Amino acid sequence: MTDEMTTSVQLAARNLTRHFSVRTPGRLFNAKRVVRAVDDISLDLVTGEVVAVVGESGSGKSVLARMLARIVTPTSGDLVLQGTPIAIKSKRTLDYASQVQLVLQDPFASMNPVHRMSHNLLRPLLIHGASKSDAPAMAEAALRRVSLEPPSRFLESYPHELSGGQLQRVSIARALCIQPKVLLADEPISMLDVSVRLGVLNLLRGLCDNERLAILYITHDIASARYIADSMIVMYAGQVVEQSRGTSLVDEPTHPYTQLLIASVPDPSDPTRDTPPTGERAQATIAEKGCRFSPRCPHVMDRCREEEPPAFIVGEDHSSKCWLYADHETAVEVALPTRRKEGETATT
Amino acid sequence: MTTESLGVGHVVKSESPTIPPTNHTSSQVVASTIPDERAMGERILDVRDFSVDYGWGESAVRAVDGVDVHLDRSMVLGIAGESGSGKSTLVYAITRLLRAPGVITSGEARFNLGSNEDGEHVIDLVTASERELRSLRWSSISVVLQSALSALNPVVRVGAQFEQVLRAHRRDMSKVERRARAAELLGLVDLDEDRLDRYPHELSGGQRQRIMIALALALDPQLVIMDEPTTALDVVTQREIISELFELRSRFGFAMIFITHDLSLLTELADEIVVMYAGALVERATARELYEAPRHPYTLGLLDSFPPMHGERTELTGIPGSPPDLAHLPTGCSFHPRCPFAMARCAIETPPLIEIEGSGRSVACWLQVVDAGAAVPVELSRVSASNASPSERVTEVSS
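So, here is what we can say about the structure in this document. (Residues numbered from 1 in each chain as written. Chains lettered and ligands numbered in written order. Predicted model: local features only at pLDDT ≥ 70, side-chain atom pairs only at ≥ 80, totals over all residues.)

A closer look at the interface of chain A and chain B
At step 1: Taken together, the contact between chain A and chain B spans 32 residues of the former and 37 residues of the latter.
At step 2: Mapped by element, the contributors of at least two residues to the side of chain A that touches chain B are α8 (164–176), α9 (194–211), α10 (222–228) and α12 (256–264) of chain A.
At step 3: When residues in the side of chain A that touches chain B are grouped by element, the largest group, 7 residues, is from α9(A).
At step 4: The class makeup of the residues in the side of chain A that touches chain B is 14 nonpolar, 12 polar and 6 charged. (Contact = placed C-beta atoms within 7 Å. Helix = DSSP H or I, 4+ residues; strand = E, 2+ residues; numbered from the N terminus. Nonpolar A, V, L, I, M, F, W, Y, C, P; charged D, E, K, R; others polar.)

Quick word on the sheet that holds strand β2 (residues 32–46) of chain A
All names here are of chain A.
At step 1: With antiparallel pairing, 4 strands are arranged side by side in an open sheet as β2-β1-β4-β5. A strand with exactly one partner marks an edge of an open sheet, and here the two such strands are β2 and β5 (84–86). Here the average twist between neighbouring strands, direction ignored, is 25 degrees.
At step 2: As judged from the 11 bridges shared by strand β1 (residues 9–23) and β2, these two strands associate in the antiparallel manner. Each residue of the ladder has a partner; that of Val9, found in β2, is Val46.
At step 3: Set on the sheet, helix α2 (residues 61–68) makes contact with β1 and β2; between it and β1 the angle comes to about 120 degrees. (Pairing = 2+ DSSP bridges. Axes fitted to C-alpha atoms, helices over the stretch in contact; angles between N-to-C directions.)

Comments concerning the sheet that holds strand β10 (residues 239–245) of chain A
Residues and elements named next belong to chain A.
At step 1: Spatially, the 8 strands line up as an open sheet ordered β6-β7-β8-β3-β9-β10-β12-β11, and their pairing is mixed. Of all strands in the sheet, those bounded by a partner on one side alone are β6 (100–103) and β11 (312–315). Each strand axis lies, on average, 20 degrees off the axis of its neighbour in the sheet, ignoring direction.
At step 2: Judged from the 6 bridges that link them, strand β9 (residues 231–236) and β10 form a sheet pairing that is antiparallel. Paired with Met235 across the two strands is Val240, which belongs to β10.

Some thoughts on the nonpolar core
At step 1: Formed by 102 residues in total, the largest nonpolar core has its most connected members in Ala52(A), Leu184(A), Leu216(A) and Tyr217(A).
At step 2: Not counting the four nearest positions on each side in its chain, Tyr217(A) is found in contact with Val50(A), Val51(A), Ala52(A), Ala185(A), Leu204(A), Ala225(A), Ile228(A) and Ala229(A).
At step 3: Counting 93 residues, the second-largest nonpolar core is a separate cluster that includes Ala80(B), Leu166(B), Ile273(B) and Val282(B). (Core = buried A, V, L, I, M, F, W, Y, C linked by C-beta atoms within 7 Å. Buried ≥ 20, exposed ≤ 12 C-beta atoms within 10 Å, placed from the backbone.)

Comments concerning the packing of α12(A) against helix α7 (residues 235–252) of chain B
At step 1: One way to put it is that α12(A) packs onto α7(B) with a least axis distance of 8 Å and a crossing angle of 55 degrees. Looking at the two axes, α12(A) sits oblique to α7(B). The handedness of the crossing between α12(A) and α7(B) comes out as left-handed. Mapping the contact onto sequence places Leu260(A), Leu261(A) and Ser264(A) in α12(A) and Val235(B), Val236(B), Gln238(B) and Arg239(B) in α7(B). (Parallel < 35°, antiparallel > 145°, perpendicular 65-115°, else oblique. Left-handed = near helix turned anticlockwise from the far one by under 90°.)

Such coordinate-based values are descriptive only and should not be taken to indicate function.
As structure tokens, then:
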């Protein structure tokens, strides 16, 4: 592996797809139905950058994170870790896990409650080959990286003795102690108190800037995504509907779903604002054919119900999967608004 | 609003002229002087010096400490605070839904049932008997809980859950009428009648929360308490439910207590907001004033903890440290270890909740006490654009 690699794309996903088949009781012969949880998503996680994925519950964002962590096997698609294609159907290797780590939403559920933090932190270190004599020092160093001082105090405590914010820091430390290159953070702040959320966000941003980690930040809170992201992706019903480099997706949303999402965020700085139309009430049916957002879309056209739109380029490093922009150029297949170095495996 | 306006088959389309429209920037909530101490007038709920402990004796933990809150008819009171601040404990204690080891140790919670020819019918919820409470609950005060999945009975169809409520409280209704009423209630929250035959797990989170709201309104209550009703929902669903809720409120005129940790949501929908920290009220103001001109460092920190949706991205600091452990509260002001403006006095003496003269708003912070001699930091002395009072001066009222 060359030096060039370590400063560029750490983990690349191409056309990742995961379908779940479910049986619907009551239907004739329990007919099987396919839920397209994640459909044809490509993204690059780059050293020193935060990619934020925004979507509502059920949009497939957590399945995406689990596929990238290789806990869920994709139905199809490719993963390239530091230039090496991964056999996606095979079992996750220890080496993959040492490079790509996942931080989960609920720190209370993701820590073993009957063991001290030292156990929770030392286990991954020992599994990943640290010697018994070095491991405690490495665990302390990991706790210092997430600003938990003094580390010895935290190593001695049980999960119930720590606050949510502290526990989430420990789970980030646990993911970091084996020096991964990629951190997948699945809703890391949604269970935390408002006053400590910013601390965790700033910590993630700092790890990205100072330690050159590649971070995937998954959230339903578009404001927090705007706060730390280098590039943003909005998911709806398993698909990327809009993506942009920087925050242009929030500042100038083009896809009707993104517009709806942004209009729904409480914004006290604008008291005169009208309540946005929320589309078809709550039923949130996902179209089987055509654009998946069409049943809720205020701008729906006949074409939307028939044909699925491709991603159109609506601005610099900004694409939107909507027929409203049909007069724009379509984005090329790998339309990821992330920096890419020459000579790197882009597609497979 | 009376019961018949919500009766079976009488879907009220017109709005009562007595119900003021939702007005987020109104100053109607500014406390009116009550001539007779015991008469409540437009006030529906008056809670004074309310304290709640968990446990007894030495091991008791004070979860709510001497809180005063009040609410006028058809108004929305927002209670903001983090987990452990006592906001849920406060309302569960007021409605006497709190279970052991929670104990109400002091205070009164007077609920105004309305007046008739004999005068006002006021009940102190703290001393009310179980029988009185049973007649009040649901029909006068109803509660919508955060987790709709665990609040609905998972093995009973939705329709049967409406049926149970109506059968218990409206003895004169026939089975057909109850079914019609349940369908009408679902219509209020934009759900189809066929949802009545579903089980809770067959519905989405938003639909379940809508059913909770419909159930809460089943008996036309005067006061609806919402405990984080939208926290588990997506922003889009949250927006839909909030706008429906306010449509219903302008139609039926119930008062609302809205509890949430999301201060930015509260500033949009509440008339008045109280902010709680470690079991005590730290600030009370109208929603606009609280947002535009916070007076307590904690409120300021909370407001600065929400990344903005517009403008340049700047690094925000939020509030350092973590919320305190109620069993080991810091001395003096509970917030002082996390406060960027803390003074020596803050670690020794607890600041009382004082009223800022002429503005109807209160704050518990030594920085805002004139005789404390400290200069008020510029961040905490902004003037609200919507309600600027040039001669804002602070005097100590009571402790």
